[in-house]
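Topology and contacts: notes
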Amino acid sequence: MTIQFVDLRLSNQAASDNTPVVIPLAATPLVFGDIGIQTVGVSPDNQGNVRVLLAGFLKVENNPLFNTNTIIVRRNGTIIFTTTFGVAISRENEAFGFTAVDVPPPLAVAAGQIQYTAEIFTNAAATDAFNNVQARNFSGVAAAGNS
């Protein structure tokens, strides 16, 4: 099938560092991105050929008492991407970007919309204001077809 542009969505929860939010514990992760990729226009012949490119950015301030932060991306609630990064020895601001890809199942495409969420949490036993996420965004673009 011919390549078909499907959708592009953006979630810009914080466009600057002026609205920091404490990075929560694993039991209650912070959802910093929530997009719904519309797939209504995908032809039935292309439903098995959809590809989604997802990208996110976070600026974090890390408390050196904590060990790691984890980013998770979900498709309709199912984890499709996860990465964990260590906290620096000293308190530092770090910019962190990631890219994830997905080939959603045809049934998810046929439903007309696929929800993608991005979240962050820390593995710490407790958290504080010095372990926070500042500027943050999440986006996705989808295409279908194979030629």
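Everything numeric here is computed off the predicted structure, so don't read it as measured data.

Some words on the overall build of the protein chain
- A tally of regular secondary structure across the protein chain gives one helix and nine strands.
- Overall size of the protein chain, expressed as C-alpha extent along the three principal axes, is 55 × 25 × 20 Å.
- When contacts within the protein chain are restricted to residue pairs at least 6 apart in sequence, long-range pairs at least 24 apart make up 84% of them.
- Surface summary for the protein chain: the accessible area is close to 7100 Å², and the carbon and sulfur share equals 57%.
- Between the centroid of the 7 positive side chains of the protein chain and the centroid of its 10 negative side chains there is a distance of 3 Å.

Let's talk about the pairing of strand E6 (residues 78-86)
- Relative to E6, strand E5 (residues 68-75) runs antiparallel, the two being bridged by eight bridges. Residue pairing across strands places Thr68 opposite Gly86, the latter belonging to E6.

So, the packing of aromatic side chains
- Evaluated as defined, the whole model comprises four aromatic pairs.
- Where Phe32 meets Phe98, the ring centres are 6.4 Å apart and the plane angle is 85 degrees; that geometry is what we call edge-to-face. Highlighted residues: Phe32 in strand E3 (residues 30-38) and Phe98 in strand E7 (residues 92-102), separated in sequence by 66 residues.
- A relative accessible area of 1% means that Phe32 is categorised as buried.
- Relative to Phe98, the ring of Phe81 lies with its centre 5.7 Å away and its plane at 15 degrees, an arrangement referred to as stacked. On the criterion of sequence distance, the pair formed by Phe81 in strand E6 and Phe98 in strand E7 is long-range, its members being 17 residues apart. Comparing Phe81 with Phe98, the two get one shared label, buried.
- Taken together, Phe32, Phe81, Phe98 and Phe138 form an aromatic cluster joined through their ring pairs.

A word on the environment of Gly145
- Looking at the element boundaries, Gly145 is found in the segment after strand E9 (132-144).
- Expressed as a C-alpha distance, the spacing of Gly145 and Arg51, which sit 94 residues apart in the sequence, is 8.6 Å.

Rules behind the numbers
Every chain begins its residue count from 1, and numbering advances along the sequence as written. Where local features are concerned, this predicted model is filtered to residues with pLDDT of at least 70; where side-chain atom pairs are given and counted, the filter is 80 or more; whole-chain, interface and lining totals use all residues. Note that water and hydrogens are dropped before the side-chain values are worked out from all heavy atoms of the structure. Secondary structure elements follow DSSP: runs of H or I of four or more residues count as helices, runs of E of two or more count as strands, with numbering from the N terminus. Note on definitions: a residue-residue contact is assigned when non-hydrogen atoms from the two residues lie within 4.5 Å. For the area figures, the Shrake-Rupley method with a 1.4 Å probe applies, and any residue is considered shielded solely by the protein chains shown. Working convention for charge: Lys and Arg count positive, Asp and Glu count negative, and His plus the chain ends are omitted. To locate a charge, the coordinates of NZ of Lys, CZ of Arg, CG of Asp or CD of Glu are taken. At least two bridges found by DSSP between two strands are what make those strands a pair. Each Phe, Tyr or Trp ring, with Trp reduced to its six-membered ring, pairs with another whose centre is within 6.5 Å; inter-plane angles below 30 degrees give stacked pairs, above 60 give edge-to-face pairs, and intermediate values give tilted ones. Each residue gets one of three labels from its accessible area relative to the maximum for its type: buried under 20%, exposed over 50%, partly exposed in between, using a 1.4 Å probe on protein chains only.

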